[in-house]
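# Survey of secondary and tertiary structure
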Amino acid sequence: MKRTPYVSESFVQLGTGTFRKSRLQFGTQNTAGVFCFGFVFGMLLVNLMKNVLLDEMGLLDEQALFRLKYMSLNNSTFFFYVFRKRILLVLGLIILTTTYLGKAACTAATAWGGITLGVFLTTLTLRYGLKGQVLAVVWLFPQFLLYAPAFLLLVGWGEQLYRTIYRGVGEEAGSNRLASVNHGVLVLVVALVVGGCLMEAYLNPGILTGYLRNF
């Protein structure tokens, strides 16, 4: 069988000397294209609405950065706040993928991620130039290292589940093997999200404020 670039294959032991192939699907064949479309749209949106977003709304202006620089943060409280927001998004997408809107939900989530990143990066670049681009990286580090694969796994899982339920596509469609692999993927997604939330709450604030004080 020809392998696709977004599928990672592994082997799981089932008893003595017995192995079964399982697959982790990172995104779909259209994920990169949809995300890039959203990213470009976000960039264009900021440039076309520059006066409103940057001047009138003050998006990511110096005053906002000043508040971040000297913020007093309770890490544990911030963790539960971030975790609640992230896990609700995950649960929402999981629920939608079990409906007829599953494929559309995965596509919309991917596009929205691209739009958000495009707006974020373009705004910081227009305001602060190269320093703003570095700030964008610092702002997302290190939690993005876990959020990105979690998102790709979740979108890939959602697409596979949608195809299985509503189209019956795939050699493993309707089988117990697919169900067990899907449950494993969700456990991995939740673990990555929890790890990302811990990084965002306990590691990123110190990194971000440290950079802002020398910004």
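For the structure itself, consult the block above.
Description of the structure in this document. These numbers come from a predicted model, not from an experiment.

In the contact formed by helix 5 (residues 102-128) and helix 6 (residues 130-140), the axes pass within 6 Å of each other and the chain directions differ by 140 degrees. Between helix 5 and helix 6, the angle is such that the two are oblique. Remark: the crossing between helix 5 and helix 6 carries right-handed chirality. Of helix 6, the residues touching helix 5 (which contributes Leu-117, Phe-120, Leu-121, Leu-124, Thr-125 and Tyr-128) are Leu-130, Lys-131, Gly-132, Gln-133, Leu-135, Ala-136, Trp-139 and Leu-140.

For the structure on display, the rule yields 7 aromatic pairs. Between the aromatic rings of Phe-120 and Trp-139, the centroid separation amounts to 5.4 Å while the plane-to-plane angle is 85 degrees, which identifies the pairing as edge-to-face. With Phe-120 in helix 5 and Trp-139 in helix 6, this residue pair connects regions lying 19 residues apart in the sequence. A network of ring pairs unites the aromatic residues Phe-79, Phe-80 and Phe-83 as a single cluster.

Another aspect to go through is the nonpolar core. With 20 residues, the main nonpolar core has Val-90, Ile-94, Leu-154, Trp-157, Val-189, Val-193 and Cys-197 as its most contacted residues. Among the secondary structure elements, those contributing two or more residues to this core are helix 4 (75-97), helix 7 (144-167) and helix 8 (176-212). Membership of the second largest hydrophobic core comes to 12 residues, among which are Leu-65, Phe-120, Val-138 and Leu-208.

Before going further, it helps to examine a nonpolar patch on the surface. Together, Val-40, Leu-44, Leu-48, Met-49, Val-52 and Met-57 line one region of the surface with nonpolar side chains, adding up to about 580 Å² of accessible area. Sorting elements by how many residues they give to the nonpolar patch places helix 1 (residues 31-48) first, with 3 residues. Looking at the secondary structure, you find Val-52 in helix 2 (residues 50-56). We classify Val-52 as partly exposed; its relative accessible area is 32%.

Opposite charge on two side chains permits pairing when their charged atoms draw close. Tallied over the full model, the rule gives 2 salt bridges. With its nearest N and O atoms 2.9 Å apart, the salt bridge here joins Glu-200 to Arg-86. Note that Glu-200 is positioned in helix 8 and Arg-86 in helix 4, a separation of 114 residues in sequence. The exposure class assigned to Glu-200 is buried, which follows from its relative accessible area of 12%. A salt bridge links Lys-103 to Glu-159; the shortest N-O distance between them is 3.1 Å. Of this pair, Lys-103 sits in helix 5 while Glu-159 sits in helix 7, and the two are 56 residues apart along the sequence.

For helix 4, which comprises 23 residues, the first-to-last C-alpha distance of 33 Å matches the rise-based estimate of 33 Å (1.5 Å per residue) to within 8%. When helix 4 is considered as a whole, its buried residues turn out to be Phe-79, Val-82, Ile-87, Val-90, Leu-93, Ile-94 and Thr-97.

Conventions we followed
Residues numbered from 1 in each chain as written. Predicted model: local features only at pLDDT ≥ 70, side-chain atom pairs only at ≥ 80, totals over all residues. Heavy atoms only, no water. Axes fitted to C-alpha atoms, helices over the stretch in contact; angles between N-to-C directions. Helix = DSSP H or I, 4+ residues; strand = E, 2+ residues; numbered from the N terminus. Parallel < 35°, antiparallel > 145°, perpendicular 65-115°, else oblique. Left-handed = near helix turned anticlockwise from the far one by under 90°. Contact = heavy atoms within 4.5 Å. Phe/Tyr/Trp six-rings, centres within 6.5 Å; stacked < 30°, edge-to-face > 60°. Core = buried A, V, L, I, M, F, W, Y, C linked by side-chain atoms within 4.5 Å. Buried < 20%, exposed > 50% of the residue type's maximum accessible area, 1.4 Å probe, protein only. Patch = residues over 30% accessible without salt bridge, like charges linked within 9 Å, V, L, I, M, F, W, Y side chains within 5 Å. Areas by Shrake-Rupley, 256 points an atom, 1.4 Å probe, with all protein chains shown as cover. Salt bridge = Lys/Arg side-chain N within 4 Å of Asp/Glu carboxyl O. Expected span 1.5 Å × (residues − 1).

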